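So the chains spell out like this:
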Amino acid sequence: LKMPRWKRCQSRRPLSCCGAHGRSSVTSILLTRKSTRAILEVLWQFRHPVANVTKSSRVERDIDPLGEMANEQFASVVVSVTTLDAELARKLQPGAPAPYRRLETIERLAHAGVPVGVLVVPVIPFLNDRNLEYILEDAPPAGATQGDVW
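What you are looking at is a predicted structure, and each value in this text was computed from that prediction instead of being measured.

What counts, and at which threshold
The written sequence of each chain sets the order in which its residues are numbered from 1. Local features in this predicted model are restricted to residues whose pLDDT is 70 or higher, and side-chain atom pairs enter the listing and the counts only when it is 80 or higher, whereas totals over whole chains, interfaces and linings include all residues. Excluded from the side-chain calculation are hydrogens and water; included are all heavy atoms of the structure. Buried, partly exposed and exposed residues are distinguished by accessible area as a fraction of the type maximum, computed with a 1.4 Å probe on protein chains only: under 20%, between the cut-offs, and over 50%, respectively. Each helix corresponds to a stretch of at least 4 residues labelled H or I by DSSP, and each strand to a stretch of at least 2 residues labelled E; elements are numbered beginning at the N terminus. The reported arc concerns the directions from the helix axis to the C-beta atoms and nothing else. Pairing between two strands requires that DSSP report at least two bridges joining them. The path from the first strand over the helix to the second decides the hand: if it runs clockwise while the strands point away from the viewer, the crossover is right-handed.

Comments concerning helix 3 (residues 35-45)
At step 1: Buried within helix 3 are the following residues: Thr36, Leu40, Leu43 and Trp44. Looking straight down helix 3, one finds that the buried residues subtend no more than 100° of arc, so they occupy a single side.
At step 2: Taken from the residues just after helix 3, arginine 47 is the one with a positive phi, measuring 55°.

Remarks on the pairing of strand 5 (residues 146-149)
At step 1: Pairing geometry for strand 4 (residues 116-120) and strand 5, over four bridges, is parallel. Each residue of the ladder has a partner; that of valine 120, found in strand 5, is valine 149.
At step 2: Taken together, strand 4, helix 7 (residues 132-142) and strand 5 constitute a β-α-β crossover, and its handedness is right-handed.

Thoughts on unusual backbone geometry
At step 1: The residue after valine 121, namely proline 122, is reached through a cis peptide bond having omega -10°.
At step 2: Inspection of the secondary structure assignment puts proline 122 in the loop between strand 4 and helix 7.
At step 3: The residue arginine 47 is not glycine, and still its phi comes out positive at about 55°.
At step 4: Looking at where arginine 47 falls in the secondary structure, it is placed in the loop between helix 3 and strand 2 (50-54).
At step 5: Phi at phenylalanine 126 is positive, roughly 70°, even though this residue is not glycine.
At step 6: Topologically, phenylalanine 126 is positioned in the loop between strand 4 and helix 7.

Written out as structure tokens, the structure reads:
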């Protein structure tokens, strides 16, 4: 039998597995069955890197495995923040966590040792573009070490 390809190239670090917590049927199935923790545990068992992009504070449920993975640089999380204006946030993303709650999530993840970034998305001209500077100013004190605008 031929040696599996992944065994032949063990010296190379695998590509990151990117997960997202959003509002889709797949996400609701994962949340209902609490599978995200199980998936993270399997990825950690095989030392596979994970990058999680989310707007949800539910990522805090997985803070223990993420923190453990982050200790060896195998995990990071990016939290999207659309605006700091709570009323505008409710209109743009109904049902999503409030802006202050997303900053709390960044703070909790950073406190657990998880590298956290902030993503300003979506940027809608004349609606939330004036908030870019404020979001990027408030994220580092909360613990974000990187920022991006889409």
